[in-house]
Amino acid sequence: QKEVEQNSGPLSVPEGAIASLNCTYSDRGSQSFFWYRQYSGKSPELIMSIYSNGDKEDGRFTAQLNKASQYVSLLIRDSQPSDSATYLCAAELYSGAGSYQLTFGKGTKLSVIP
Amino acid sequence: GAVVSQHPSRVICKSGTSVKIECRSLDFQATTMFWYRQFPKQSLMLMATSNEGSKATYEQGVEKDKFLINHASLTLSTLTVTSAHPEDSSFYICSAEPGNSYEQYFGPGTRLTVT
């Protein structure tokens, strides 16, 4: 079964620390990966996309992709209380008949403690 | 860019009535739109995939006759919850895919309460 797996958390980090969120995916052929942030009661918001092995940085966020290990991570530097949210990992997985579908993990809840 | 709107943001209806939710991509054309449902403290559940001009593809366990989806144009998809019941109360979220990547952009969601 095609899956995207995340630790549900909660992950608690002190303000100013680095938060590390991890995700694995089942389809070795996947090429596109995304991180979404969802605040409580709100809809998900796209914060990062990554397509190539290695690191991609955007402000305080760094996405890391290792296709050989089928592993994606998101690092948040200098974590702020406003970063407290659920982070959803998504990967494009093969869904059959030549088509791919964006599949979401269940999300990791992050709490940044002031 | 990549803004998706939903209307209404919140709706309360009586059991047995129907509710229509609109999803619009405001600054891009969406070849594909998606409808999700999320119950409190649970993860996103994909209900159906909607392609402009063709029938929606429903996920297993989602009743296509209860959740009617129409994708009449490249910027508008609608979800109609027919004969709503209290167990249909949930947060309904649409997303749209511009077509040149798998990125999905989400609308703000519609909170449905059926009394």
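All values reported here derive from a predicted model rather than from experimental measurement.

Details of the overall build of chain B
Along chain B, the regular secondary structure elements total 0 helices and 11 strands. Secondary structure elements of chain B, listed N to C terminal, follow the sequence β-β-β-β-β-β-β-β-β-β-β. Taken over C-alpha atoms, the radius of gyration comes to 13 Å for chain B, in line with the 13 Å a tight globule of 115 residues would show. Overall size of chain B, expressed as C-alpha extent along the three principal axes, is 40 × 25 × 25 Å. The buried share of chain B, reckoned over its 115 residues, is 50%. Residue pairs at least 24 apart in sequence account for 54% of intrachain contacts in chain B once pairs closer than 6 positions are excluded. Carbon and sulfur atoms make up 50% of the accessible area of chain B, which amounts to about 5,700 Å² in all. Of the side chains in chain B, 10 bear a positive and 10 a negative charge, and the two mean positions are spaced by 9 Å.

So, the sheet that holds strand β3 (residues 19-25) of chain A
Residues and elements named next belong to chain A. On the basis of which strands lie adjacent, the open sheet formed by 5 strands has the order β1-β3-β8-β7-β6 and antiparallel pairing. The open sheet has two edge strands with one neighbour each: β1 (4-6) and β6 (54-58). Ignoring strand direction, the axes of neighbouring strands in this sheet form an average angle of 20 degrees. Two elements, β1 and β3, share 3 bridges in a ladder whose sense is antiparallel. Across the sheet, residue Val 4 finds its bridge partner in β3, namely Tyr 25.

Some words on the pairing of strand β9 (residues 85-96) of chain A
Residue and element names in this part refer to chain A. Bridging between strand β4 (residues 33-38) and β9 involves 6 bridges; their strand directions are antiparallel. Counted as the bridge partner of Arg 37 is Tyr 87 from β9. Pairing of β9 with strand β11 (residues 108-113), which is carried by 3 bridges, proceeds in the antiparallel orientation. Within the sheet, the bridge partner assigned to Ala 85 lies in β11 and is Leu 110. As defined by bridge partners, β9 adjoins strand β10 (residues 99-104) across 6 bridges and the pair is classed as antiparallel.

Focus on the nonpolar core
Core analysis: the biggest nonpolar cluster contains 25 residues, and B:Val4, B:Trp35, B:Phe67, B:Leu79, B:Tyr92 and B:Leu112 have the highest contact counts within it. At the level of elements, β2 (10-13), β3 (19-25), β4 (32-38), β5 (45-51), β7 (67-73), β8 (76-81), β9 (90-97) and β11 (110-114) of chain B are the ones that each hand at least two residues to this core. Within the second largest apolar cluster, 24 residues are counted, among which are A:Leu21, A:Ile50, A:Ile76 and A:Val112.

About the cut-offs
- Residues numbered from 1 in each chain as written.
- Chains lettered and ligands numbered in written order.
- Predicted model: local features only at pLDDT ≥ 70, side-chain atom pairs only at ≥ 80, totals over all residues.
- Heavy atoms only, no water.
- Helix = DSSP H or I, 4+ residues; strand = E, 2+ residues; numbered from the N terminus.
- Rg over C-alpha atoms; globule rule 2.2 N^0.38 Å.
- Buried < 20%, exposed > 50% of the residue type's maximum accessible area, 1.4 Å probe, protein only.
- Contact = heavy atoms within 4.5 Å.
- Areas by Shrake-Rupley, 256 points an atom, 1.4 Å probe, with all protein chains shown as cover.
- Lys, Arg positive; Asp, Glu negative; His and termini not counted.
- Charge placed at Lys NZ, Arg CZ, Asp CG, Glu CD.
- Pairing = 2+ DSSP bridges.
- Axes fitted to C-alpha atoms, helices over the stretch in contact; angles between N-to-C directions.
- Core = buried A, V, L, I, M, F, W, Y, C linked by side-chain atoms within 4.5 Å.

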